Amino acid sequence: MHSPQPLDPSLIREQARAALAEDLGSGDVTAALLPADQQARAELITRESAVLCGRDWFEAVFHALDPAIRIDWEAADGARVAPGQRLCVITGPVRALLTGERTAMNLLQTLSGTATRTRRFADAVAGLPVAVLDTRKTLPGLRLQQKYAVRCGGGTNHRMGLHDAILIKENHILAAGSIAAAVTAAQALQTGLEIIVEVESLAELEQALAAGAPTVLLDNFDNDQLREAVALNAGRARLEASGGVNLETIRAIAETGVDRISVGALTKDVTAVDLSMRLEVA
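Residues numbered from 1 in each chain as written. Predicted model: local features only at pLDDT ≥ 70, side-chain atom pairs only at ≥ 80, totals over all residues. Heavy atoms only, no water.

(A) Quick look at the sheet that holds strand β3 (residues 70–73). Ordered in space as β3-β5-β1-β12, the four strands form an open sheet in which the pairing is antiparallel. The strands lining the two open edges of the sheet, one partner per strand, are β3 and β12 (275–281). Sheet twist, expressed as the mean angle between neighbouring strand axes with direction ignored, is 20°. Of the strand pairs in this sheet, strand β1 (residues 39–46) and strand β5 (residues 86–93) are connected by seven bridges, and their pairing is antiparallel. (Pairing = 2+ DSSP bridges. Helix = DSSP H or I, 4+ residues; strand = E, 2+ residues; numbered from the N terminus. Axes fitted to C-alpha atoms, helices over the stretch in contact; angles between N-to-C directions.)

Shown next, in the form of structure tokens:
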């Protein structure tokens, strides 16, 4: 089970409030039909196998409505859960439980979906010395949350955004004039950040290695080309495979000897986990 440290609690509260505001608007007019002092108990159930992720965001939504709401968890972030399994018990004012239900579940089921998909990819390369990385192809507004979910699923985060690594892609190379010129310019910045060069052929790989690129992203190489790249590299740089990666192809890609594989589908092609919240009124 992978259960990394979550984000800053104040940031989680801010994200939960923003998500809640989308749904709440000027107020929950349906919940107002119920007595303000009525208490309730609810059980959260998963209807399918999954990897749980997003407990802190789930809690933050309900606590933004009423800090007295109690949530007793029976599974941790990063845990595999089975169909019909109870994930937690929630108790508190019925109005707050019903108002927060959809927003809290949206966050939990989406992040659990990301963690679950990541776990499948990580399991597919189990036993091989390769890291499964995410990309910047995240759902808008959920970058930090999905990156956390990838870690819960056994994956590794690539750069968080444009600020924490230098990734020199085709258009950067065209604008700079050459791979060597782009790498030289990146080194001159002296940022201390990882420098990654994306290449589309073995010839470009040779140029990147000659320029001293510490990490080279092999874009849409077939498996024979990946094996040639590993041999040509001879351990000089970290090699990352990217493009056309799915659950059927990732094991063979990993067996070529690359160091890491980036998979946009971890965060881009998310299927939310099917969850159900069952209410019992006191």
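Don't stop here, the text continues.
(B) Structural view of the sheet that holds strand β7 (residues 166–168). Taken together, six strands build an open sheet; the order of strands is β6-β11-β10-β9-β8-β7 and the sheet is parallel. Among the strands making up the open sheet, the edge pair consists of β6 (131–133) and β7. Sheet twist, expressed as the mean angle between neighbouring strand axes with direction ignored, is 25°. Inspection of the sheet shows strand β10 (residues 238–242) paired to strand β11 (residues 260–262) by three bridges, in the parallel sense. When the bridges of β11 are listed, Glu-240 appears paired with Arg-260. Lying over the sheet, helix α8 (residues 223–233) contacts β9 (215–219) and β10, oriented at roughly 170° with respect to β10. (Contact = heavy atoms within 4.5 Å.)

(C) Geometry of the packing of aromatic side chains. Under the counting rule described, the total for this entry stands at three aromatic pairs. On the basis of an interplanar angle of 65° and a centroid distance of 5.2 Å, the ring pair of Phe-58 and Phe-62 is categorised as edge-to-face. Placement of the pair is Phe-58 and Phe-62 together in helix α2 (residues 55–65), with a separation of four residues, close to one helical turn. Phe-62 shares its class with Phe-58; the two are buried. (Phe/Tyr/Trp six-rings, centres within 6.5 Å; stacked < 30°, edge-to-face > 60°. Buried < 20%, exposed > 50% of the residue type's maximum accessible area, 1.4 Å probe, protein only.)

(D) Up close: helix α1 (residues 9–24). An ideal rise of 1.5 Å per residue puts 22 Å on 16 residues; α1 measures up with 22 Å between its terminal C-alpha atoms. Buried residues of α1: Ile-12, Gln-15, Ala-16, Ala-19 and Leu-20, and no others. The buried side chains of α1 occupy one side of the element, clustering within an arc of 135° when seen end-on. Close packing links the buried residues of α1 with α2, α3 (94–124) and α4 (143–152). (Expected span 1.5 Å × (residues − 1). Arc of directions from axis to C-beta.)

(E) Focus on the pairing of β9. Burial analysis of β9 places five of its five residues in the buried class, which makes it a mostly covered element. Of the two faces of β9, both are covered, the one formed by Thr-215, Leu-217 and Asp-219 as well as the one formed by Val-216 and Leu-218. Where strand β8 (residues 195–199) and β9 come together, four bridges link them in parallel fashion. Among the inter-strand pairings, Ile-196 is bridged to a residue of β9, identified as Thr-215. Following the backbone out of β8, through helix α7 (residues 202–210) and into the adjacent parallel β9, one traces a crossover that is right-handed. Pairing of β9 with β10, which is carried by five bridges, proceeds in the parallel orientation. Paired with Asp-219 across the two strands is Ser-242, which belongs to β10. (Right-handed = clockwise from strand over helix to strand, strands pointing away.)

(F) Quick look at the pattern of salt bridges. Taken as a whole and assessed by the stated rule, the structure comprises 16 salt bridges. Its salt-bridge partner being Asp-224, residue Arg-227 comes within 2.7 Å of it at the nearest N-O pair. With Arg-227 and Asp-224 both in helix α8 and three residues apart, the pair spans about one turn of that helix. Classification of Asp-224 by relative accessible area gives partly exposed; the value is 48%. Linking Glu-255 and Arg-251 is a salt bridge whose minimum nitrogen-to-oxygen distance equals 3.5 Å. Within the structure, one salt-bridge network assembled from shared partners comprises Arg-41, Glu-43, Glu-74, Arg-86 and Glu-280. (Salt bridge = Lys/Arg side-chain N within 4 Å of Asp/Glu carboxyl O.)

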